[in-house]
Amino acid sequence: INASTGCNLSSPYCEVGKGDLLRPAGLMKKSHHDSIMTPLLDTLFIARYFGTGESLLNPHLPEMIALSHDAGVYSVISTNLSIKIDDAYIDRMLDSGLTLLSVACDGASRETYEKYRVGGDFDLVQNNMRRFIARKRERGLQYPLIEWRLLVFSNNEHEVDTARDMTKTLGVNIIDFYFGV
């Protein structure tokens with residue numbers, strides 16, 4: 001489910017970030033989402049709420065995920081998490097029943113992160129991860145699992161061990177490295 005076809009960053013290898021996506025940016029309406037998902041819910045196992053944009057730009061994303069969750073569907077979002085979100089939105093995401101929050105953070109320092117995530121804010125991403133993890137713990141929730149996904153390039157490969165150590169400090173559940181990008 002492509003909840004958003006727009007993005008707040010300009011990553012050089014992303015079709016949205018490079019401006020290669022030919023359709024205009026937009027947000028999926030909840031009514032459209034529900035009309036697509038409702039007939040599938042009895043047989044659906046997993047719903048991936050991402051594609052060619054930043055999922056969290058859609059203000060109705062938590063309610064979309066909740067529809068899937070209520071039917072027993074595993075849900076995943078991928079986000080750059082370099083977006084200002086308030087505690088109420090974090091709580092709505094946690095209440096949605098989201099199963100996996102995959103955070104694309106391609107560096108363990110501001111310098112390396114911002115080489116790929118052009119326009120991104122490393123400190124904001126790290127702080128948002130901390131906030132999600134803290135709220136999840138405060139509420140005694142098992143899910144969503146929080147994943148730090150790092151695309152490994154020549155400019156950040158020296159930070160793999162640092163990122164691994166940072167996940168322990170942050171309390172991230174999963175770290176996933178993509179080499180040879």
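How each quantity is defined
- Residues numbered from 1 in each chain as written.
- Predicted model: local features only at pLDDT ≥ 70, side-chain atom pairs only at ≥ 80, totals over all residues.
- Heavy atoms only, no water.
- Buried < 20%, exposed > 50% of the residue type's maximum accessible area, 1.4 Å probe, protein only.
- Helix = DSSP H or I, 4+ residues; strand = E, 2+ residues; numbered from the N terminus.
- Contact = heavy atoms within 4.5 Å.
- Phe/Tyr/Trp six-rings, centres within 6.5 Å; stacked < 30°, edge-to-face > 60°.
- Polar contact = N/O pair within 3.5 Å; in protein donor to acceptor, adjacent residues only side chain to side chain.
- pLDDT = per-residue confidence, 0-100.
- Axes fitted to C-alpha atoms, helices over the stretch in contact; angles between N-to-C directions.
- Parallel < 35°, antiparallel > 145°, perpendicular 65-115°, else oblique.
- Left-handed = near helix turned anticlockwise from the far one by under 90°.
- Nonpolar A, V, L, I, M, F, W, Y, C, P; charged D, E, K, R; others polar.

## Thoughts on helix α3 (residues 87-95)
Three or four residues apart is the spacing at which side chains of an α-helix point the same way, because the helix has 3.6 residues per turn.
Stage number 1. Every buried residue belonging to α3 is among Tyr89, Ile90, Asp91, Met93 and Leu94, and all of these are buried.
Stage number 2. Those residues of α3 that are buried lie in contact with α2 (61-70), β2 (74-79) and α5 (122-138).
Stage number 3. Among the residues trailing α3, Gly97 stands out with phi positive, at a value near 90 degrees.

## With respect to the packing of aromatic side chains
Stage number 1. Counted by the stated rule, this structure contains 4 aromatic pairs.
Stage number 2. Their ring planes at 55 degrees and their centres at 5.7 Å tell us that Tyr113 and Phe122 sit as a pair that is tilted.
Stage number 3. A residue is classified by how much of its surface remains accessible, and Phe122, at 6% relative accessible area, is buried.

## Looking at the environment of Tyr49
Stage number 1. Examined against the element boundaries, Tyr49 turns out to sit in the loop between β1 (46-48) and α2.
Stage number 2. Along the backbone, Tyr49 and Ser4 are 45 residues apart, and their C-alpha atoms lie at a distance of 9.0 Å.
Stage number 3. If we ignore the near neighbours within four places in the chain, the residues touching Tyr49 are Ile1, His33, Met37, Ser55, Leu61, Met64, Ile65, Ser68, Ser75, Val76 and Ile77.
Stage number 4. Within the structure, the side chain of Tyr49 is placed 2.5 Å from the side chain of Ser68, a separation counted as a polar contact.

## Remarks on the confidence of the model for the protein
Stage number 1. With 94% of its residues at a pLDDT of 70 or more, the protein has an overall mean of 92.
Stage number 2. α2 holds the highest mean pLDDT among the elements of the protein, 98, whereas helix α4 (residues 110-116) holds the lowest, 91.

## Structural notes on the packing of α3 against α5
Stage number 1. Two elements in contact, α3 and α5, have axes separated by 10 Å at closest approach and are oriented at 60 degrees. Here α3 lies oblique to α5, going by the angle between them. Note that α3 runs across α5; the crossing there is right-handed. Of the residues in α5, those touching α3 at Asp87, Ile90, Asp91, Met93 and Leu94 are Arg131, Phe132, Arg135 and Lys136.
Stage number 2. Residues of the contact of α3 with α5, tallied by class, amount to 4 nonpolar, no polar and 5 charged.

## A word on unusual backbone geometry
A negative phi angle is the norm for most residues apart from glycine, just as the trans form is the norm for most peptide bonds.
Stage number 1. Residues Tyr143 and Pro144 are joined by a peptide bond in cis, for which omega reads 10 degrees.
Stage number 2. Positionally, Pro144 belongs in the loop between α5 and β4 (145-151).

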